[in-house]
Amino acid sequence: MRIVGKIVGAIIGVLLWRNPVGLVLGGVLGHIYDQASERLRPPRFDLDFVGPLFAYAGALAKSDGRVSEPEIVAAEALMGRLNLDAEARRVAMARFTVGKQPEFNNTVPLAELRNWCRGRRDNAFIVLDLLLDLVYAEGLVVQPKLALVQKLCAALGVTEYELTALSAMKGYGPAWHRAQYERTARPRERGPWQEAPPPPPRRPSEVDPYAVLGVANDADDAAVKRAYRKLMSQHHPDKLVDAPDEVRRRSEERAREINAAYERVREQRGLR
């Protein structure tokens, strides 16, 4: 918790007004400053973030009853994306192992990740962006894994539409569609966790622009514009100054995809 602004504000208030009202007013203004500076501070990918991130990754990987080779590869790739040093890698692997245990309480890393996000939705999207490659490592998303993804979204304040948009931006289809496909595709010819062949990846031209913007196809023009402005504000690369290069690159790609989706909707609707 930042208190520098409160202290400085209280001192300035006393010096200017020389009474208790000045002390209180200065403290309130300092509190507002502390909150603003906290929200503007770039995210830090330290052990307080790495630990819960990989613990929840372990829970996701184990949710279907086993940890597969593609999921292990995805976890290792995640360490590379974050440029973890030897100590951070040790912590990541240890927490991933803990997350795989049947008795693991996933509400603990959820709370830790929510605290790390500090109420910032751009941070919440970073968490999901980093984990979605592991979520989709095996192609299809089975129901237990989808349930954990939805639980994470609920904890971070991310809607189902936004999850769909982020999945589409990364080249994956809607999460619930794939889960439904997994449950219904040739159920008598495979075991409960055996994968069916995934649908072919969609080309960029086939991606639903409304899904990218996180709105329904029948949303009014004002809602579409609000969604576009909100997404561009959340995903602007300038907000990730201290983020790893891969995360910044993904943010830049996402901004381009949001712009492209909005342009398609504008053309379809004749918006200015």
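Before any of the text, the structure's been laid out above.
Owing to the predicted nature of the structure, the values given are computational and were not obtained by experimental measurement.

Q: Go over unusual backbone geometry, please, and point to the residues and values.
A: Unlike most non-glycine residues, Asn83 shows phi in positive territory, near 55 degrees. Structurally, Asn83 is set in the loop between α4 (69–81) and α5 (86–99). Exposure remark for Asn83: the relative accessible area of 58% places this residue in the exposed category. If you check the backbone angles, Arg118 has positive phi at about 55 degrees while not being a glycine. Mapped onto the fold, Arg118 is located in the loop between α6 (107–117) and α7 (121–135).

Q: Account for the packing of helix α3 (residues 47–62) against α4, naming residues and giving values.
A: At a minimum axis separation of 11 Å, α3 and α4 run at an interaxial angle of 165 degrees. Relative to α4, the element α3 is oriented roughly antiparallel. For the pair α3 and α4, the sense of crossing is right-handed. Residue-level contacts link Leu53, Phe54, Leu60 and Ala61 of α3 to Glu71, Ala75, Leu78 and Met79 of α4. Of the residues assigned to the contact of α3 with α4, the class counts are seven nonpolar, no polar and one charged.

Q: If you had to explain the packing of aromatic side chains to someone new, which residues and values would you point to?
A: All told, the structure shown has two aromatic pairs when counted by the stated rule. Centre to centre, the rings of Tyr228 and Tyr262 are 3.9 Å apart; their planes meet at 10 degrees, and the pair counts as stacked. In this pair, Tyr228 sits in helix α12 (residues 221–234) while Tyr262 sits in helix α13 (residues 245–269), placing the two residues 34 residues apart along the sequence. Like Tyr228, the residue Tyr262 is buried in the burial classification.

Procedures and definitions
- Residues numbered from 1 in each chain as written.
- Predicted model: local features only at pLDDT ≥ 70, side-chain atom pairs only at ≥ 80, totals over all residues.
- Heavy atoms only, no water.
- Helix = DSSP H or I, 4+ residues; strand = E, 2+ residues; numbered from the N terminus.
- Buried < 20%, exposed > 50% of the residue type's maximum accessible area, 1.4 Å probe, protein only.
- Axes fitted to C-alpha atoms, helices over the stretch in contact; angles between N-to-C directions.
- Parallel < 35°, antiparallel > 145°, perpendicular 65-115°, else oblique.
- Left-handed = near helix turned anticlockwise from the far one by under 90°.
- Contact = heavy atoms within 4.5 Å.
- Nonpolar A, V, L, I, M, F, W, Y, C, P; charged D, E, K, R; others polar.
- Phe/Tyr/Trp six-rings, centres within 6.5 Å; stacked < 30°, edge-to-face > 60°.

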